Amino acid sequence: MLPSKLPYLLSGLALLLLGGAAQAQNPFITNQFTADPTARVFNGRVYVYPSHDILATPERGKVGWFCMEDYHVFSSANLTDWTDHGVIVTQNKVPWVKPDSYSMWAPDCIARNGKYYFYFPTTPRILLSTRALR
């Protein structure tokens, strides 16, 4: 029975011994908190689209929870030198987004027919049509 479990035991031992040496690489985004990145290559450049996590306060978001109100985009031609292109979308500039939702999560971008489409999930604003009010 022990010989059949030997590979598992050796793998577990290796993980324990190497676990201390296994550390995260240096992040290329160091001036802000980000999450949920998507990476795409367009025209020989890598573009990274992460969520931007900001500090929640009683006036902004839900304290102790994720607070994401906008998206930045980063790009690189060599994966060493990165450019922050700044905020590309914020919740207060999208008419269908609830302006105090702070829920701009995992975005992505695709290219199709010469255009770039950036899309993301978030909390929608509740819109009432005039038909619903009658």
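The structure we're discussing is the one just above.
Since the model is a prediction, treat every value here as computed from it, not as a measurement.

Q: Teacher, can you tell me more about the packing of aromatic side chains here?
A: To describe a pair of aromatic rings, you give the distance between the ring centres and the angle between the ring planes. If you walk through the whole model with that rule in mind, you get 11 aromatic pairs. Ring geometry for Phe28 and Trp82: centres 3.8 Å apart, planes at 15°, overall stacked. Linking Phe28 in the loop between α1 (2-19) and β1 (33-42) with Trp82 in the loop between β3 (70-76) and β4 (83-90), this pair joins segments that are 54 residues apart in sequence. Take Trp82: its relative accessible area is 23%, and that puts it in the partly exposed class.

Q: How do you make sense of the pairing of β4 when you look at a structure like this?
A: Strand direction decides the pairing type here: β3 and β4, joined by 5 bridges, are antiparallel. Counted as the bridge partner of Asp70 is Thr90 from β4. Connecting β3 to the next strand, β4, in antiparallel fashion are 6 residues, including Leu79 with a positive phi near 65°.

Q: What is the right way to look at the pattern of salt bridges in this model?
A: Opposite charge on two side chains allows them to pair when their charged atoms are near. On inspection of all chains with the given rule, the structure shows 1 salt bridge. For the salt bridge of Asp108 with Arg40, the shortest nitrogen-to-oxygen distance reads 2.6 Å. Pair noted here: Asp108 is in strand β5 (residues 108-112) and Arg40 is in strand β1, with a separation of 68 residues, a long-range link. Relative accessible area serves as the criterion here: at 12%, Asp108 is assigned to the buried category. Taking the relative accessible area as the measure of exposure, Arg40 reaches 30% and is therefore partly exposed.

Q: What is the right way to look at the sheet that holds β4 in this model?
A: Sheet strands line up and pair through hydrogen bonds in the backbone, either parallel or antiparallel. Strand order across the open sheet formed by 4 strands is β1-β2-β3-β4, with antiparallel pairing between neighbours. Across the chains shown, the open sheet's two edge strands, defined by having one partner strand only, are β1 and β4. Pairwise comparison of adjacent strand axes, ignoring direction, gives a mean angle of 25° for this sheet. For strand β2 (residues 45-53) and β3, the ladder comprises 5 bridges, and the chain directions are antiparallel. Bridging from a neighbouring strand, His52 pairs with Asp70 of β3.

Conventions and cut-offs
Residues numbered from 1 in each chain as written. Predicted model: local features only at pLDDT ≥ 70, side-chain atom pairs only at ≥ 80, totals over all residues. Heavy atoms only, no water. Phe/Tyr/Trp six-rings, centres within 6.5 Å; stacked < 30°, edge-to-face > 60°. Helix = DSSP H or I, 4+ residues; strand = E, 2+ residues; numbered from the N terminus. Buried < 20%, exposed > 50% of the residue type's maximum accessible area, 1.4 Å probe, protein only. Pairing = 2+ DSSP bridges. Salt bridge = Lys/Arg side-chain N within 4 Å of Asp/Glu carboxyl O. Axes fitted to C-alpha atoms, helices over the stretch in contact; angles between N-to-C directions.

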